[in-house]
Each structure stands twice: as structure tokens, then as C-alpha cells.
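Survey of secondary and tertiary structure
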Amino acid sequence: DIRPGLDGVMRDLRRAILERLVMLDALALRVMITDDDVERFLDQMQKREGVTRSAIDAMLREMGFTPEEGRTELRRKQLIDAAVDYRVRGSKELVVDQSAIAEYDAAHPQMTEARYTLAQSYVPRAEMERDELEDALKDPEYVAALSFEKPFTVAESEVPEDRVDALSSPVGSIVEIDEAGDYYEITKLVSVQPAERMPLTAEHAREIEMILKRDRYMEILRDYENKLFSEAYITFTYDADRDQVLALNRQPQAAQ
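The following refers to the structure shown. (Residues numbered from 1 in each chain as written. Predicted model: local features only at pLDDT ≥ 70, side-chain atom pairs only at ≥ 80, totals over all residues. Heavy atoms only, no water.)

Observations concerning the overall build of the protein chain
Tallying secondary structure elements over the protein chain gives 9 helices and 4 strands in all. Its helices and strands in sequence order give the protein chain the pattern α-α-α-α-α-β-α-α-β-β-β-α-α, from N to C terminus. Expected size for 256 residues packed as a compact globule is a radius of gyration near 18 Å; at 32 Å, the protein chain overshoots this value by more than 25%. On the principal axes, the C-alpha backbone points of the protein chain span a range of 90 × 45 × 45 Å. (Helix = DSSP H or I, 4+ residues; strand = E, 2+ residues; numbered from the N terminus. Rg over C-alpha atoms; globule rule 2.2 N^0.38 Å.)

Rendered as C-alpha cells:
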């Protein structure tokens, strides 16, 4: 049965077999899901969603299941969740210690954004041609005699990509000459506040912990799935099915 499950996720042959293997593992763990368990789940769903049992049955029919098939799917899901809870979510390897968080932070440091302080001056275009202005701006005395407006600061992310390289010039350099109407707009680099590493805060530590847990969860889940397949005896009618299901480069499809 490769119809989508109650979660709406499409099933292929590998997922269908994997779900069956996890269910068999749940039975090996002596997990029991009774009709009463399913009914309690439906009762909780009714209360949570504020719907009637008839509405739930109608929803199941819309998903392609009869009410009886829907309850079978619920039992299947509860069995699978119980096995994954025990084998994966309950693994001690999911525990992330402070040293792992510090190591991750060292490899992926949070940085402040570089900020550039600029000032602008204007020269009438009638006074000289652009190439003459460029030559004049090479003279520090000419630049010092210009009247610059109040400096302003921009973050690196606010700088157009084609102008970032110019801001690597030494402080005091003219980094841009634009033609603005009857004037040349001259931009000088006044100062640079370089990007700096941010200290590890408690909030960011929690974010790193979640990232590491997610990565470890997927690794443990992949190992669990591979173990199920390696220990199972599966007969395939078609070689193409076997290649699809047992391909080693397949990413895990979480049975949950």
C-alpha cells in the first residue's frame, strides 16, 4: 500500500517496506496499540480540534481511507512512533554537551557586520572634465580642501555588490565618483569598523544545541533504518525494486 499516510507524505516502495520493518521492531519491543488506544487518540483529536467523530470520518474519506482503514493507519503510526521514540529519540547520543557547542561555535562563529563611515562632497561639472577630477583627487591637498558633508555609516549588507571591493581601500581614500546632474558626487571612506566575532550567548548556545541534535537525530535514524534493512530478509520480484529500496546513497525517509 503506497497511498499517502495520514500525514500526507507520499509513500514509495522503500518507505512502505521501512514502515513495516519499524512496526515489526515495535512488536519485538512488545509495544501494544489496542483499539482503546486508537479511540483515546481520536477522542483527544476531537477535543483538540473541536470537531465531531463524523467530521473525522469525513476527513479520512477525503484522504482516501474508510474509517476502518483510518484507524488501522493510526495504529500503524502509533506503533512506528513508539519504536522511533525508543530507538532514536531515546538515544543517549542525542545529548549535546557544552564542549560540542563550543566546538561548533568555533567552527561557525557569529560575526558582527562590517560597517563603513563615508562622507560626500560635490564639485561642479563645469569646473573640469572627469579625467581632470580623477587626477586632482590624487593630490591629498586638493582632497583636504574639499568641503565634505556630515559623515554617514552603512552596513556591509547595504553596500551594492559591485562597490564592496572599493571599500577595501585605505581609510581616507576616495572610493567613488558619480555624476549627479550638474555635479560630481565624490565619496570618501572616513573609517571602517571591521566585522568582529560575537561572544557565545545562552540563546545562541540553545540554537547550536538544536542544530546538533537535529544532525545527530538524522544520523541515528539513518543508522537505525540501515540496521533494519541489513537484518531483514526481503524477497523482491523485480531487480529494479531491490536497487531502489537498497540503494546505499538514499537519504533516510523518516518513519514517523
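What to know about the packing of helix α4 (residues 67–89) against helix α8 (residues 202–231)
The interhelical angle for the contact between α4 and α8, taken along N-to-C directions, is 115 degrees, at an axis separation of 9 Å. Looking at the two axes, α4 sits roughly perpendicular to α8. Helix-helix and strand crossings are classified by hand; for α4 and α8 the assignment is right-handed. Packed against α4, whose contacting residues are Ala 83, Val 84, Arg 87, Val 88 and Arg 89, the element α8 presents Tyr 217, Ile 220, Leu 221 and Tyr 224 at the interface. In terms of residue class, the contact of α4 with α8 is made up of 7 nonpolar, no polar and 2 charged. (Axes fitted to C-alpha atoms, helices over the stretch in contact; angles between N-to-C directions. Parallel < 35°, antiparallel > 145°, perpendicular 65-115°, else oblique. Left-handed = near helix turned anticlockwise from the far one by under 90°. Contact = heavy atoms within 4.5 Å. Nonpolar A, V, L, I, M, F, W, Y, C, P; charged D, E, K, R; others polar.)

A short note on the packing of aromatic side chains
Going through the model one piece at a time under the given rule, you end up with 0 aromatic pairs. Over the aromatic face of Phe 148 sits the side chain of Lys 188, whose NZ or CZ is 4.3 Å from the ring centroid. (Phe/Tyr/Trp six-rings, centres within 6.5 Å; stacked < 30°, edge-to-face > 60°. Lys NZ or Arg CZ within 6 Å of the ring centre and 35° of its normal.)

A look at the nonpolar core
If you look at the biggest cluster of nonpolar residues, it comprises 29 residues, and the most contacted ones within it are Val 22, Val 88 and Tyr 224. Contributions of two or more residues to this core are made by α1 (13–28), α2 (35–49), α3 (53–62), α4 and α8. For Val 88, the residues in contact, after removing those within four places along its chain, are Ala 83, Leu 94, Tyr 217, Ile 220, Leu 221 and Tyr 224. Grouped together as the second largest cluster of nonpolar side chains are 11 residues, Val 123, Leu 133, Phe 148 and Ile 186 included. (Core = buried A, V, L, I, M, F, W, Y, C linked by side-chain atoms within 4.5 Å. Buried < 20%, exposed > 50% of the residue type's maximum accessible area, 1.4 Å probe, protein only.)

Some words on unusual backbone geometry
Although it is not a glycine, Arg 30 adopts a positive phi angle of roughly 65 degrees. Within the secondary structure, Arg 30 sits in the loop between α1 and α2. Among the residues examined, Arg 30 registers a relative accessible area of 74% and is labelled exposed.

A few points about the pattern of salt bridges
Counted under the stated rule, the structure contains 26 salt bridges. With a closest N to O distance of 3.9 Å, Arg 14 and Glu 225 form a salt bridge. With Arg 14 in helix α1 and Glu 225 in helix α8, the pair connects residues that are 211 residues apart, well separated along the chain. Overall, the relative accessible area of 4% leaves Arg 14 in the buried class. Several salt bridges converge on common partners, so that one network encompasses Arg 11, Arg 15, Glu 19, Glu 73 and Arg 76. (Salt bridge = Lys/Arg side-chain N within 4 Å of Asp/Glu carboxyl O.)

Overview of α8
Counted at 1.5 Å a residue, the expected span for α8 with its 30 residues is 44 Å, and the 43 Å between its end C-alpha atoms agrees. Buried within α8 we find His 204, Ala 205, Ile 208, Leu 212, Tyr 217, Ile 220, Leu 221, Tyr 224, Glu 225, Leu 228 and Phe 229. Considering only its buried residues, α8 is in contact with α1, α4, α5 (98–107) and α9 (239–246). (Expected span 1.5 Å × (residues − 1).)

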